[in-house]
Amino acid sequence: MLTFIGLGLYDERSITVEGREALADADRAVAEFYTSHLVGATVDDLAAYHDIDIDVRDRAGIEQHPEDVLDAAEDEHVAFLTAGDTMISTTHVDLRLRAIERGIETRVIHGVTAQTAASGLTGLQNYRFGKAVTLPFPYAHGADGVPKSVVESIEANRERGLHTVVYLDIKADRGEYMTADVAAEMLAADWTDALGVVVARAGSPDPLVAADRFSALAARDFGDPLHLLVVPGDLHHVESEALATLGGASADVLAAYER
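Residues numbered from 1 in each chain as written. Predicted model: local features only at pLDDT ≥ 70, side-chain atom pairs only at ≥ 80, totals over all residues. Heavy atoms only, no water.

Colleague: Is there a simple way to think about the sheet that holds strand β10 (residues 195-200) in this case?
Modeller: Sheet strands pair by backbone hydrogen bonding; their relative direction is either parallel or antiparallel. Taking strand neighbours across the sheet as the criterion, the five strands line up as β6-β7-β12-β10-β11 in an open arrangement whose pairing is mixed. Every interior strand has two partners, whereas the edge strands, β6 (133-135) and β11 (208-213), have only one. This sheet shows a mean twist of 25° between the axes of neighbouring strands, independent of strand direction. Bridge analysis of β10 against β11 gives six bridges, and the strand direction is antiparallel. Bridge pairing links Val199 to Val209 in β11. Sitting on the sheet, helix α9 (residues 180-188) is in contact with β6, β7 (164-168), β10 and β12 (227-231), with an inclination near 35° to β12. Across the sheet, helix α11 (residues 237-247) lies against β10 and β11, angled at about 115° from β11, the strand it touches most. (Pairing = 2+ DSSP bridges. Helix = DSSP H or I, 4+ residues; strand = E, 2+ residues; numbered from the N terminus. Axes fitted to C-alpha atoms, helices over the stretch in contact; angles between N-to-C directions. Contact = heavy atoms within 4.5 Å.)

Shown next, in the form of structure tokens:
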């Protein structure tokens, strides 16, 4: 059996009760942290808390060479661990399909995602979000500034009055995490006075929400990662009140977005 388990957002305790029980039942555990990362716990913390050895794989080890994981799942119960919700990455869907093709029983145990946490922390209504985007480090896409595809996706959402979650690049193997001030500075090149909402350390004991113009956000320090940004579309009056109360947005900044 191959069980995909989402670990949640922050540390070794962020997993659901169902996920913890499934992990306790597993014969072995495999994890990847290249799509996301638990900043509040190391692999050793996870292993000690759940009393199981964890084999961490890199991208190639999961996407190109998963045969040994599938071989093990034919005879044992293998838990496949990721931060957040395990099936957000299409890589993991591919792994599940490969398992099913080999007649291996599969199960999915979901975890909290950054997008749902962003909605909950900011007060922005979940059904008013459009297509999400990822903002890469400039060196990762070979050019300065914001990729054209990211700009076009944000603009398309804004034209429809929808909010955009902007995931910020993570290079966990290099210890690099894009921070919200850097992202806001990059986005300010296209939308200097546009409203942005920073969500930092979602799922931790000290999450932070800050709503202001991109130019102002670019000058602030939001502390430890992980960070993401939301680019709001039109705001319902309750959403506007939430950004003022929870994110400190000023009335003059919000006025242009209220519908």
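Next, the rest of the story.
Colleague: Explanation requested: the sheet that holds strand β2 (residues 28-32) in the structure shown.
Modeller: Taking strand neighbours across the sheet as the criterion, the five strands line up as β3-β2-β4-β1-β5 in an open arrangement whose pairing is parallel. The open sheet has two free edges, formed respectively by β3 (54-57) and β5 (106-109), since each of these has just one partner strand. Strand-to-strand, the axes of this sheet are offset by a mean angle of 20°, without reference to chain direction. Inspection of the sheet shows β2 paired to strand β4 (residues 78-82) by four bridges, in the parallel sense. Bridge pairing links Arg28 to Val78 in β4. The strands touched by helix α5 (residues 90-101) within the sheet are β1 (2-6), β2, β4 and β5, with β1 carrying the most contacts at an inclination of about 160°.

Colleague: Can you help me understand the pattern of salt bridges in this one?
Modeller: Oppositely charged side chains may form a pair once their charged atoms are brought near each other. All chains considered together, the criterion is met by 16 salt bridges. Between Glu76 and Arg28 there is a salt bridge; the shortest N-O distance is 3.0 Å. Of this pair, Glu76 sits in the loop between α4 (67-75) and β4 while Arg28 sits in strand β2; the two residues are 48 residues apart in sequence, bridging distant segments of the chain. Using a relative accessible area of 40% as the deciding quantity, one classes Arg28 as partly exposed. With its nearest N and O atoms 4.0 Å apart, the salt bridge here joins Arg158 to Glu155. Taken as a pair, Arg158 and Glu155 lie in helix α8 (residues 148-159) at a separation of three residues, close to a single helical turn. According to the relative accessible area criterion, Arg158 is partly exposed, its value standing at 26%. (Salt bridge = Lys/Arg side-chain N within 4 Å of Asp/Glu carboxyl O. Buried < 20%, exposed > 50% of the residue type's maximum accessible area, 1.4 Å probe, protein only.)

Colleague: Would you mind going over α5 with me for this structure?
Modeller: Each turn of an α-helix holds 3.6 residues, which means side chains three or four residues apart point in the same direction. The terminal C-alpha atoms of α5, which comprises 12 residues, lie 17 Å apart, in line with the 16 Å expected from a rise of 1.5 Å per residue. By the burial criterion, the buried members of α5 are Thr91, His92, Leu95 and Ala99. Buried residues of α5, viewed axially, fall in a sector of 95°; they line one side. Opposite the packed face of α5, turned more than 90 degrees from it, sit the exposed residues Thr90 and Glu101. (Expected span 1.5 Å × (residues − 1). Arc of directions from axis to C-beta.)

Colleague: Teacher, can you tell me more about the nonpolar core here?
Modeller: Note that soluble globular proteins tend to have their nonpolar side chains buried in a common cluster. If you look at the biggest cluster of nonpolar residues, it comprises 45 residues, and the most contacted ones within it are Leu135, Phe214 and Leu243. For this core, the element with the highest residue contribution is α9, accounting for six residues. Ile5, Leu23, Ala31 and Ile54 belong to the second-largest nonpolar core, a separate cluster that totals 18 residues. (Core = buried A, V, L, I, M, F, W, Y, C linked by side-chain atoms within 4.5 Å.)

Note that all results are geometric; they support no functional claim without further evidence.
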